[in-house]
Amino acid sequence: MAFVAVHVGCGYHSAGSESELRRVCERACAAGLAAARAGGDALAMATAAVEVLEGSEHTNTGRGSALNEHGEVECDAVAMMAPGPSPAGPVLFGAVGAVRRVGCPGVLAATIARTASAEETDGRVLPILLVGEGAEAAATESGVGLCDPQDLITPVTRARFDRHCETLAAIRDPPARSKRRRVDNASPPLLPPTLASAAAAEMATVEPGPGDTIGVVAVDREGRSAAIASSGGIPLKRRGRVGQAASAAGAFAGYRSSRSAAVVSTGVGEELLRTQLASSCVGLLLHDEGGMPALGDRLAADLFLRSPALGPAARRQSGVVAVSVETASGQTRIEFMFAHSTASMGVGYASEHDQTVKTDMMRSKAKSGTQLCVQVGKVEPATRST
């Protein structure tokens, strides 16, 4: 039984953006299920869904990404598929980091995952993680293609960049609050901790936006699971910064015996890397019989919100989409979960037996980074054909 779930980032989503983001989630899920009906595996499903998400300028990846300190788009992405209940091949993994001329980094990561399971004709091992120019060369070679970097910048992201620069300049030099400043040729000096905290707080009030990642988890008819995360990163990030969306902290899929699981994460990339969030969640789902309720409890405790890996200044802002698949006695059982510790998180999901895609803009009234908002669901068991 095929199943797909997506998210469009955690953080803050205005009421005005909700309907469009729900439509994007709906189209992405529909594309993933269409790939399943065409005979595609879990990675093909996730790739079809992420291509829709990356094609929307309302999400923070590809066109519409947050701009770095130099006003450029740099994207990260990671794709992974686990073999499933009856392993018939290796785990597929591919990732890219800091790409500037690729409009669909998640599609490129999935393409690398497909091709990297073989060997070069000259006997060399193919890479599974490429950054910068190397990743862009792979895009050309694979047919994914390149684009003009300026095509990835929208009027909205340019205006937001200008406002962020003005705010940052005013924080550094309060008397210059009325002056327009811009970060151009050199990396700005690091702020003292007290100023850094003030900057983060004030930047968040300028124009709150979604977290730095979109993601997809998918299950195919054979019980294999896949995950793809794709990200434009955080506003005004340092050039060359790579977040969790190019690693197993951003998307992970695994299997054990009759069980398969996949997770994608979103939020503050550096904190997700410190906690290795996606891979930690998959490990729990494969080895803990408590399932999704146990995962929710652990996310609110040592896996993230109270993780010893995070210091006292951590923002503890994250979101997770998880799916687990259990195959036994010819039946497939699917559980899924959405969780976030921010103001909102946009999601969508559907199985191939659903008449419509379900979408939601999850919202929490709690202070960001203090509580976990969780939704858990199940897909009715279906008998696998033999």
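Residues numbered from 1 in each chain as written. Predicted model: local features only at pLDDT ≥ 70, side-chain atom pairs only at ≥ 80, totals over all residues. Heavy atoms only, no water.

Trainee: Help me understand the overall build of the chain in this model?
Mentor: Across its full length, the chain carries nine helices and 13 strands. Counting over 386 residues, the chain shows a buried share of 54%. Of the roughly 16,000 Å² that the chain leaves accessible, carbon and sulfur atoms contribute 52%. (Helix = DSSP H or I, 4+ residues; strand = E, 2+ residues; numbered from the N terminus. Buried < 20%, exposed > 50% of the residue type's maximum accessible area, 1.4 Å probe, protein only. Areas by Shrake-Rupley, 256 points an atom, 1.4 Å probe, with all protein chains shown as cover.)

Trainee: What should I look at first to understand the side chain of S231 in this one?
Mentor: Looking at where S231 falls in the secondary structure, it is placed in strand β6 (residues 225-231). A polar side-chain atom of S231 sits 2.8 Å from the main-chain amide nitrogen of G233. (Polar contact = N/O pair within 3.5 Å; in protein donor to acceptor, adjacent residues only side chain to side chain.)

Trainee: Just checking my understanding: could you explain helix α4 (residues 132-142) for this structure?
Mentor: Given 3.6 residues per helical turn, the α-helix brings residues three or four places apart onto the same face. Every buried residue of α4 is accounted for by G132, A135, E136, A138 and A139. Seen along its axis, α4 keeps its buried residues to an arc of 155°; they face one direction. The exposed set on the far side of α4, more than 90 degrees from its buried face, consists of E133 and E141. On its buried side, α4 packs onto β3 (92-99), α3 (105-115) and β4 (129-131). Of the residues flanking the end of α4, it is G143, one or two places downstream, whose phi is positive at about 90°. (Arc of directions from axis to C-beta. Contact = heavy atoms within 4.5 Å.)

Trainee: I would appreciate a short explanation of the packing of aromatic side chains in the present structure.
Mentor: Given two aromatic rings, one states the distance between the centres and the angle between the planes to describe the pair. Throughout the structure, instances matching the rule amount to five aromatic pairs. Seen in terms of ring centroids, F336 and F338 are 5.9 Å apart; in terms of plane orientation they differ by 65°. Their pairing is edge-to-face. When sorted by exposure, F336 lands in the same class as F338, which is buried. Within the aromatic cluster, the residues linked to one another by ring pairs are F3, F336, F338 and Y349. (Phe/Tyr/Trp six-rings, centres within 6.5 Å; stacked < 30°, edge-to-face > 60°.)

Trainee: Which parts of the structure should I look at to understand a nonpolar patch on the surface?
Mentor: Where nonpolar side chains cluster on the molecular surface, the patch consists of I128, L129, V131 and V242 and spans about 310 Å² of accessible area. Counting through the fold element by element, V131 comes out in strand β4. (Patch = residues over 30% accessible without salt bridge, like charges linked within 9 Å, V, L, I, M, F, W, Y side chains within 5 Å. Salt bridge = Lys/Arg side-chain N within 4 Å of Asp/Glu carboxyl O.)

Trainee: Would you mind showing me how to read the pairing of strand β11 (residues 344-351) here?
Mentor: Regular strands show a simple pattern: their side chains alternate between the two faces of the sheet. Burial of β11 is extensive: eight of the eight residues sit out of reach of the surface. Where burial is concerned, the two faces of β11 agree: the one with S344, G346, G348 and A350 and the one with M345, V347, Y349 and S351 are both buried. Summarising the sheet, strand β1 (residues 3-11) and β11 pair through seven bridges and their orientation is antiparallel. Considered in β11, the bridge of C10 is made with M345. Pairing of β11 with strand β12 (residues 358-363), which is carried by six bridges, proceeds in the antiparallel orientation. Across the sheet, residue G348 finds its bridge partner in β12, namely T359. Here β11 folds back onto β12, and the loop between the two strands holds six residues. (Pairing = 2+ DSSP bridges.)

Trainee: For this particular structure, what's the right way to read empty space enclosed by the protein?
Mentor: Which parts of space are left empty comes out when a probe the size of a water molecule is rolled across the atoms. Across all of its chains, the model carries one cavity of 30 Å³ or more by this definition. Roughly 60 Å³ of volume is contained in the largest cavity. Taken together, A66, L67, T157, R160, F161, H164, P235 and L236 make up the lining of the largest cavity. (1 Å grid on protein atoms, 1.4 Å probe; cavity = no way out; pocket = protein on both sides within 12 Å on 5 of 7 lines; lining within 4 Å. Points joined across faces, edges and corners; volume = space filled by probe spheres on them.)

Trainee: Explanation requested: helix α1 (residues 15-37) in the structure shown.
Mentor: Over its 23 residues, α1 extends 34 Å from the first C-alpha to the last, a length consistent with the 33 Å expected when each residue adds 1.5 Å. Buried residues along α1 sit against β1, α2 (42-54), β11 and β12. Backbone geometry just downstream of α1 places G39 in the positive-phi region, at approximately 95°. (Expected span 1.5 Å × (residues − 1).)

Trainee: It is not clear to me how the layout of surface pockets should be interpreted in this structure. Could you clarify?
Mentor: If you add up the space inside the second largest pocket, you get close to 310 Å³. Taken together, 16 residues form the lining of the second largest pocket, with T115, L126, L130, A138 and E141 sitting closest to its centre. Listed by contribution, the elements that provide at least two residues to the lining of the second largest pocket are α3 and α4. Of the residues forming the lining of the second largest pocket, the biggest block, five residues, is contributed by α4. Here the residues of the lining of the second largest pocket are counted per class, giving nine nonpolar, four polar and three charged. (Nonpolar A, V, L, I, M, F, W, Y, C, P; charged D, E, K, R; others polar.)

Trainee: When you look at the packing of α1 against α2 in this model, what are you seeing that I'm missing?
Mentor: In contact at an axis separation of 7 Å, α1 and α2 are set at 150° when each is read in the N-to-C sense. Between α1 and α2, the interaxial angle falls into the category roughly antiparallel. The two elements α1 and α2 meet at a crossing, and its hand is right-handed. Facing V24, R27, A28, A31, G32, L33, A35 and A36 of α1, the residues of α2 in contact are A44, M45, A48, A49, V52 and L53. (Axes fitted to C-alpha atoms, helices over the stretch in contact; angles between N-to-C directions. Parallel < 35°, antiparallel > 145°, perpendicular 65-115°, else oblique. Left-handed = near helix turned anticlockwise from the far one by under 90°.)

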